[in-house]
Amino acid sequence: MAELIAHFVLQVAAILFAAKLGGEVAERWLRQPAVLGELAAGILIGPFALGGLPLPLLGQPLFGSAEAAPGLPVSTELFALAQVGAVVLLFLVGLETDLRQFLRYGVAATAVAAGGVLLPFGFGALATVLFGIAPSWTHPSALFMGAIMTATSVGITARVLSDIGKLDTAEGVTVLGGAVVDDVLGILVLAITVGIAATGSVSLAQVGLVAARAIGFWLALTLLSVLLAGGISRLLLGFRAEGATLALALALALFAGFLAESFGLALIIGAYSVGLGLSRTELARAIVYSLRPVYHALVPIFFVVMGMLVDLSAMGRALEFGLAISALAIVGKLVGAALPALAVGFNLRGATRIGLGMLPRGEVALIVAGVGLTSGVIGSELFGVAILMTVITTFLAPVLLVPAFQRGGSGRRGELPPPPPPEPPSAGRHVVVLEPAAAQLFTNHLERLLVEQGFASVMEVRDPEGPLMIQYQKDHEFLSLALYPPREDRQELAIEFEAAAWQSLVAAAVREAARAMVLSLLSPIDGGGDGIAAEVRAALADLLAELERR
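About the thresholds
- Residues numbered from 1 in each chain as written.
- Predicted model: local features only at pLDDT ≥ 70, side-chain atom pairs only at ≥ 80, totals over all residues.
- Heavy atoms only, no water.
- Helix = DSSP H or I, 4+ residues; strand = E, 2+ residues; numbered from the N terminus.
- Buried < 20%, exposed > 50% of the residue type's maximum accessible area, 1.4 Å probe, protein only.
- Contact = heavy atoms within 4.5 Å.
- Core = buried A, V, L, I, M, F, W, Y, C linked by side-chain atoms within 4.5 Å.
- Pairing = 2+ DSSP bridges.
- pLDDT = per-residue confidence, 0-100.
- Phe/Tyr/Trp six-rings, centres within 6.5 Å; stacked < 30°, edge-to-face > 60°.
- Lys NZ or Arg CZ within 6 Å of the ring centre and 35° of its normal.
- Expected span 1.5 Å × (residues − 1).
- Patch = residues over 30% accessible without salt bridge, like charges linked within 9 Å, V, L, I, M, F, W, Y side chains within 5 Å.
- Areas by Shrake-Rupley, 256 points an atom, 1.4 Å probe, with all protein chains shown as cover.
- Salt bridge = Lys/Arg side-chain N within 4 Å of Asp/Glu carboxyl O.
- Axes fitted to C-alpha atoms, helices over the stretch in contact; angles between N-to-C directions.
- Parallel < 35°, antiparallel > 145°, perpendicular 65-115°, else oblique.
- Nonpolar A, V, L, I, M, F, W, Y, C, P; charged D, E, K, R; others polar.

1. Structural notes on the environment of Gly-124
Reasoning step 1: Following the sequence through the fold, Gly-124 ends up in helix α5 (residues 107-130).
Reasoning step 2: For Gly-124, a relative accessible area of 0% corresponds to the buried category.
Reasoning step 3: Separated by 17 residues in the primary sequence, Gly-124 and Ser-141 have C-alpha atoms spaced 9.9 Å apart.
Reasoning step 4: Not counting the four nearest positions on each side in its chain, Gly-124 is found in contact with Ala-142, Met-145, Gly-146, Met-149 and Ile-325.

2. Here we look at the nonpolar core
Reasoning step 1: Counting residues in each nonpolar core, the largest one holds 99 residues, and the members touching the most others are Ile-15, Phe-91, Ile-148 and Val-305.
Reasoning step 2: No other element matches helix α12 (residues 282-308), which puts 15 residues into this core.
Reasoning step 3: When residues no more than four places from it in sequence are discounted, the contact partners of Ile-148 are Ala-365, Val-368, Ala-369, Ile-378, Ala-386 and Met-389.
Reasoning step 4: Judged by nonpolar contacts, the second largest core, of 27 residues, contains Ala-170, Leu-176, Ala-337 and Ala-494.

3. Some points on the environment of Ile-325
Reasoning step 1: Position of Ile-325 among the secondary structure elements: in helix α14 (residues 319-343).
Reasoning step 2: Looking at Ile-325, the relative accessible area reads 1%, which means it is buried.
Reasoning step 3: In sequence terms Ile-325 and Gly-146 are 179 residues apart; their C-alpha atoms lie 9.7 Å from each other.
Reasoning step 4: Apart from residues no more than four positions distant in its own chain, Ile-325 is found in contact with Gly-124, Ala-127, Met-145, Met-149, Val-385 and Met-389.

4. Comments concerning the pairing of strand β5 (residues 491-497)
Reasoning step 1: The buried fraction of β5 is high, at six of seven residues.
Reasoning step 2: The pairing of strand β4 (residues 477-483) with β5 spans five bridges and is antiparallel. Directly across from Leu-479, in β5, lies its bridge partner Phe-497.

5. Examining the confidence of the model for the protein
Reasoning step 1: Summary statistics for the protein give a mean pLDDT of 79 and a share of 78% for residues scoring 70 or more.
Reasoning step 2: Least confident of the elements in the protein is helix α20 (residues 531-549), whose mean pLDDT is 55; most confident is helix α10 (residues 244-262), at 93.
Reasoning step 3: Confidence drops under a pLDDT of 50 for residues 415-427, and excluding neighbours within four residues, the segment shows 14 contacts in the predicted structure.

6. Let's talk about the packing of aromatic side chains
Reasoning step 1: What the rule picks out here adds up to three aromatic pairs.
Reasoning step 2: Positioned above the aromatic ring of Trp-29, the side-chain terminus of Arg-28 is 5.3 Å from the ring centre.

7. Considering α14
Reasoning step 1: Spanning 25 residues, α14 covers 36 Å between terminal C-alpha atoms, matching the ideal 36 Å at 1.5 Å per step.
Reasoning step 2: One or two positions beyond α14, positive phi appears at Gly-345, with a value near 110 degrees.

8. Considerations on a nonpolar patch on the surface
Reasoning step 1: On the surface, Phe-17, Leu-21, Val-25, Trp-29 and Leu-30 cluster together into a nonpolar patch covering about 560 Å² of accessible area.
Reasoning step 2: As for its placement among the helices and strands, Leu-30 is situated in the loop between α1 (2-29) and α2 (34-45).

9. Focus on the packing of α10 against α12
Reasoning step 1: Look at α10 against α12: their axes get within 10 Å of each other, and the N-to-C directions meet at 85 degrees. Viewed along their axes, α10 and α12 adopt a mutual orientation that is roughly perpendicular. Within the contact between the two elements, α10 uses Thr-245, Leu-246, Ala-249 and Leu-250 and α12 uses Leu-283, Ile-287, Ser-290, Leu-291 and Val-294.
Reasoning step 2: A class-by-class count of the residues in the contact of α10 with α12 yields seven nonpolar, two polar and no charged.

Written out as structure tokens, the structure is:
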């Protein structure tokens, strides 16, 4: 027993080291999301590659077939740990999906998301039949290939748009909203697909029954989470033992996953539902940042283990099908998202940008593929095809999206107003680096000034590995604020806006934040008695007066 535990601990150590090394290479040198590096690391150290070679000190492979679970190339314990990582991932995604803003955003994002789900799903199922892999579109293999193609990665899309400074455009706002809706629809598609796979090929009536059961469970669990959210939040926040609130919240997510599994659905559906229901509570705001270290420790294990499941030789045998699926995944998202965008007020340029923004599949596609592989519905060949499609679409998104925006021009048409005139040099994108306390003051004052002027927050995206991004809108103008995690007692804020009039609001927020900091320095200083204290107070008062004059 001790030898097995020691071997498992060594496996986890190797996975974490490979995950972080692969993520560093992907982000620093390849300028790609860390998830691609983690996947590549899993393929490299997996049982079908280096992990299958005997190690001199161990006398056996690090990830050999001896301890593998039935139907899997890795052990049951290792795969179970990876599934806990998937639960953490989807729980955090649910917590960071603002339910009120999600419902408020409007028709455009929902229409784009629906088109971006239906067409790729149809393409995936049809291609699986045409290549002779499944006998009909209702076969579980065809359904899973369709489900794998429906997802859009919120984190990857947000990061690409942030890097090119287009989060504040109409297309950027619509893409982010559509990606959030897309994840919800993708999870429902997965729930339906898992239910159908459990019963085999079914009739349309049975499909409707499975869909109703899946949607009913998802809605019931989400609604129950929303109704009980306040009480759950107060209860968990009432614990005073260190770490108790975070641990109990994770326990709730895992229990919800158990309930989903009991209904024949996937673990991640329950975790996402509870996270979504709690997203507007104080509990969500209290644990999101505490959950990030857990995220960075467990979620990479999930992606590395997903990579370890890839048999490159098996994928090579299905290379033709993989390339065809990848091409259909690109066309399906581009056309499926662009056509609804045209119908809701975008021109061809804007619709193309939206379609390209919906391309990257990312982590959700891998989760769906993992569910299909572990349930025995798809084999290693189709799982390898899913990995290939995910990598290609994620790499292509920034390559195609950046030129689409760089060509310039408005993406809106019809009743929407014409594009604004060119902005002065001061408008556009500004980066401010402050101490964390000053950064928080500035953010609070800017939000208060915007609300007083009639602006509204329309979208909030928290990337677990990047900045908190908030978008504000008044009429058809947008401002986005990206608040990056503190680094070495410094915090970076990036502000993007279209209208020159917003410049004065940003400047006013800077002045008010500086004034508040000076006042905070003045307050503890006694003006009488000590001459040195009086001089310090007088100097700070002079500084405050000078600030007011400016």
